[in-house]
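# Commentary on secondary and tertiary structure
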Amino acid sequence: MSNDLEKRCQGLEKTISVLENENDLLYERAEETLLISLIADIIRSIDDRDLLCSSILERISILKDIQYCACCEFKNNKIIQNQVYAAFSDINFSDSEIKLSSQVIEELDEGLVFITNGLCSQKGINIDFKNSDFDPFSIYISPFTTKSIPNGFFIFADDEPDETKLRIISMLLQNIIGMAVEKLDKITLLEELKQLNADLDRKIKNRTKSLIQTNKQLTQEISDRKKAENETIEAQRIANEHEKLSLVGQVAGKMAHDFNNVLGIIMGNAELSLLDCNEPQTKKTLELIYKQTIRGKNLTKNLVAFAKDQEPKQEFFKINEKINLVIDLLKKDLEGIELIREDKPDVPEVLADPGMIEHALVNLIQNAIHAISMTVNPKIIIKTYCFKDNICFVIADNGCGIPEKHLQHIYEPSFTLKGNKDVTGSYETTIKGTGYGMANVKKYIDRHKGSISIKTEFGSGTVFIVSLPIIKKELSKIEKEELHKSELHSGYHILLVEDEADISDIQYRILTQDPCNHKVDLANNGLIAMDLFNRNNYDFVSLDYILPKGFNGMDVYNHIRKTNKTIPILFISGNIEFLESIRELKHKDMYVDHLSKPCKNIDYLNSINKLLEI
Amino acid sequence: MDNFKTDKTVNARGYKIAYHRQGAGEVILLVHGITTYSFIWRNLINSLSEYYDVVTIDLIGCGDSDKPLDISYSLEQHAKILYEFITILDIKKFHFIGHDVGGGIGQIFAVNYPEKLQSLVMINSVAYDFWPVQPIITMRTPIIRQLAMATLDIGAFKLIVNRGVYHKKRVSQELMNFFWKPMKTKEGRKAFLHFAKCLNNKDLMNIADDLKTLPMPVLIVRGDADIYLSSSICEKLHDEIQKSTLIRIPTGGHFMQEDEPELIVDHIKTFLESHR
């Protein structure tokens, strides 16, 4: 009985022990499942390498009760501990050393390394546990490779004297390491993708930017080219016109000369015959011949003036004084006409060719007188005033006016509405036109960079408005301020070549005064200019083209370039021939620029600055 | 006391020890066990402090106290630090109230420094070798394995708390926040596991004989719904300690401070008054 009981007890104990073992196994499995699921959670949620590694190591250590878990890599012949979890210490282990013997490293090349029974240091594994009394009984090392860590290994160390502890869980550890490596590579790929995306983004941005830039440039180039083409066409047209006019002018000039001789002979003989003639009918005929020869003389005078293409002189004078002079000249013709003058007091002196302006005024006032020849209460109004940067004068009449269809032709040479062209009966029959008056006026005004406009109504009157640019004797306050703001070149040694005293006076003044403060030497002819250049060291040459005494601006230029290829030279000229040649010159010589007369002071200084900046 | 916090610290043996003190009168020291910290007393402090000078402490490695890993968190060590703690606070005599392993620390303290204690109260306390803690094979012990899992998984932790509370409705989010707070940092998790591994019933076995003749009155409070600790513990304690009183609370789980705080306060008050 007691034997039976004992046997049954033994049986039950056996069963209990089996059940306990099973229970343990189940526990192990539950724990492993939990560990894997916890690690899967981390892998899902963490995208930071260090955090990922440290979290995995901690979970392995806690759930599998492994005292020391680390993720290391071979780098520059050293072992670096990227992440460490040591259950026994709160010290940072990342700078502690791990040393592996060459034998262990060789074994690692083959695969896993297991060392147990406390033989770790004997087998060549030395880990600095930083003054801790932790002494590993077993060590398990598992190598791995990821894109970012080519030579890595996980190391697990435990001090529990149980040979099988680490071996039993090696499969589990390998699973976890596999998951970790996969995730680490995924992080690297994601980073690379991110980088590539960023690069692509940057490239697209840069490319777009450069495309926009190129597009802009192209648009600019197209518009520049169009502009250049238009300019070429316009230049060609003007050149053709000039050529035509120049040819006509030359022929007309020569003809006028011969014609004047013929007229002179006719006029002389008619005058002589008049002295001897007592026959009234013949006398009348001779007088008619004499008058007509005078008319012919006027005609040739205008024709010659038109044909001559000379550069305007530059002198300062008061426009209303010039008007007074012309009115005085035409005093006889103005009899019986109401003349109204309106001169604004603040009109400055105009810088212009006095002869040309006088000629233009004579033509304009004479036209007005002719236009009111049939008007009942003839009236002429002459005004002078300033508008913006221009000096303006207005000549208005209440005469016949000009039919609209003719307006576009009035400045053409030889065009006239007077004499036998007067189909509307607008003019007194004795009035004849040469057809060169308005053509000359237009030419003079153009040469001064001025403008002329007309307001007219057929049968009611005509208003001519002429404006000429104001060339000041000094820089204005605003211009000075603007110059100060820009990067102004000052203190240079400049050779100023200009024969016209009024102009050289201004140029000398603005160059030497504040804010430019240049040192300026003045030459009023080519010879002096070349001599000064030989004897001094200049930084800049301001060069008039038309110069007296045999040497023009081009001669001076050639002389300078013989010895100095880079000194900036600014040509100043209004000569048409020169305008053509300077274009070519500018292509060959980048240190040359050109300004046509008359030029504004600020433009003059800006051109000098631009050249000095090259 | 939802916003309970330890608001004071002292430096004992070079480590920062956090505590809270409130009330006036005889001093009561409330000592928590494992998985908890001073927060476990929050529902008792206000009532107790109406009559007593109540001090509640975070043991080293717990709550807001320092968490060094280079010293042992054995019960013996805790008792030593507590002695230093009350010395610094200049507490001459006091009532020791310990819960769980806090009760174990109380036993060691009472044996080693009997002159300091006016009385010892143990609530669901560990004692002798009933508490199945073995050194070295620590992790093979189911409760420790559960604790390890609990550090990583709030679900597992909630299971522990849930099983330790009788009135399940009291396991609130707020309570879980208190429990889970130390597990939020690696430092907290490491210290917690270090504490668990340092538990060694040898400390309690060594003083088993000395308990019998403790000079101060001893109150043993048992929550009958505590599934973690066997009722044999309180029975043996009551049997062996001559001057002991045993009170059983049927509706008390392991964390009975959550289940029956008023009842516990009443029993303590009655006990302390009867031994005045």
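In the block above lies the structure referred to throughout.
The notes below deal with the structure included here. This is a predicted model, so every value here is computed, not measured.

This paragraph deals with the packing of helix H5 (residues 154-164) of chain B against helix H6 (residues 173-180) of chain B. All names here are of chain B. Taken N-terminus to C-terminus, the directions of H5 and H6 make an angle of 110°; their axes are 11 Å apart at the nearest point. Considering their axes alone, H5 and H6 lie roughly perpendicular with respect to each other. In this structure, the crossing between H5 and H6 has a hand that is right-handed. Residue-level contacts link Ile154, Phe157, Lys158 and Val161 of H5 to Leu175, Met176, Phe179 and Trp180 of H6.

Turning our attention to the pattern of salt bridges. By the definition in use, this model includes 30 salt bridges over all chains. A salt bridge links Arg535 of chain A to Asp531 of chain A; its shortest N-O distance comes to 2.9 Å. Within this pair, Arg535 of chain A and its partner Asp531 of chain A are both found in helix H12 (residues 526-535), separated by 4 residues, close to a single helical turn. Among the residues examined, Asp531 of chain A registers a relative accessible area of 36% and is labelled partly exposed. Glu84 of chain B is the partner of Arg13 of chain B in a salt bridge, and the nearest nitrogen-oxygen pair spans 3.5 Å. Taken together, the positions of Arg13 of chain B in the loop between strand E1 (8-12) and strand E2 (15-23) and Glu84 of chain B in helix H2 (residues 75-88) put the pair 71 residues apart, joining distant regions of the chain. Given the relative accessible area of 41%, Arg13 of chain B is considered partly exposed. Each member of the salt-bridge network shares a partner with another, and the members are Asp65, Asp158, Glu160 and Lys165 of chain A together with Lys197 of chain B.

A cluster of nonpolar side chains, Phe259, Val262, Ile266 and Ile289 of chain A, forms an exposed patch at the surface whose accessible area comes to about 310 Å². In this structure Val262 of chain A comes out as partly exposed when scored by relative accessible area, which is 43%.

The next point concerns the interface of chain A and chain B. Often the size quoted for an interface is simply the accessible area lost on bringing the parts together. Contacts between the two partners involve 21 residues from chain A and, on the opposite side, 19 residues from chain B. Summed over both sides, the interface between chain A and chain B buries roughly 1,900 Å², with carbon and sulfur atoms accounting for 54% of that surface. Counting the contacts that link chain A with chain B gives 2 salt bridges. The partner of Arg189 of chain B in a salt bridge is Glu58 of chain A, with the nearest N and O atoms 2.4 Å apart. In this structure, the connection of chain A to chain B is made through 4 residue pairs in polar contact (both at pLDDT 80 or more). Sorting the residues of the side of chain A that touches chain B by element identifies helix H1 (2-45), helix H2 (49-64) and strand E2 (78-86) of chain A as the ones contributing at least two each. Residues of the side of chain A that touches chain B, tallied by class, amount to 10 nonpolar, 3 polar and 8 charged.

Criteria and thresholds
- Within any chain, residue numbers begin from 1 and follow the written order of that chain's sequence.
- Numbering of ligands from 1 and lettering of chains from A proceed in the order in which they are written.
- Per-residue local features of the predicted model are confined to residues with pLDDT of at least 70, and side-chain atom pairs are confined, for both listing and counting, to 80 or more; whole-chain, interface and lining totals are unaffected and use all residues.
- Excluded from the side-chain calculations are hydrogens and water; all other atoms, namely the structure's heavy atoms, are used.
- Geometry is summarised by axes, namely lines fitted to C-alpha atoms with helices restricted to the contacting stretch, and by angles between N-to-C directions that run from 0 to 180 degrees.
- Only runs of H or I of at least four residues qualify as helices and only runs of E of at least two qualify as strands under DSSP, and these elements are numbered from the N terminus.
- Here is the rule for angles: anything less than 35 degrees is roughly parallel, anything more than 145 is roughly antiparallel, 65 through 115 is roughly perpendicular, and the remaining ranges are oblique.
- Take the far helix as the reference: if the near one is turned anticlockwise from it by less than a right angle, the crossing is left-handed, and if turned clockwise, right-handed.
- By the convention used here, residues are in contact when the closest approach between their heavy atoms is within 4.5 Å.
- Each salt bridge in this description consists of a side-chain nitrogen of Lys or Arg and a carboxyl oxygen of Asp or Glu lying within 4 Å of one another.
- Buried means the residue's accessible area, taken with a 1.4 Å probe over protein chains only, is under 20% of the maximum for its type, while exposed means over 50%, and partly exposed covers the values in between.
- Residues enter patches when their relative accessible area tops 30% and they take part in no salt bridge; the joining distance is 9 Å for like charges and 5 Å for the nonpolar side chains Val, Leu, Ile, Met, Phe, Trp and Tyr.
- Methods summary: accessible areas were calculated by the Shrake-Rupley approach with a probe of 1.4 Å, and residue burial reflects only the protein chains presented.
- A quick way to say it: buried area is the sum, across both parts, of accessible area lost when two parts are put together, with a 1.4 Å probe.
- Distance and chemistry together define a polar contact, namely a pair of N or O atoms within 3.5 Å, with one atom able to donate a hydrogen and the other to accept it when in protein, and with adjacent residues in sequence counting only for side-chain atoms on both sides.
- Amino acids are sorted into nonpolar (Ala, Val, Leu, Ile, Met, Phe, Trp, Tyr, Cys and Pro), charged (Asp, Glu, Lys and Arg) and polar (every other residue, Gly among them).

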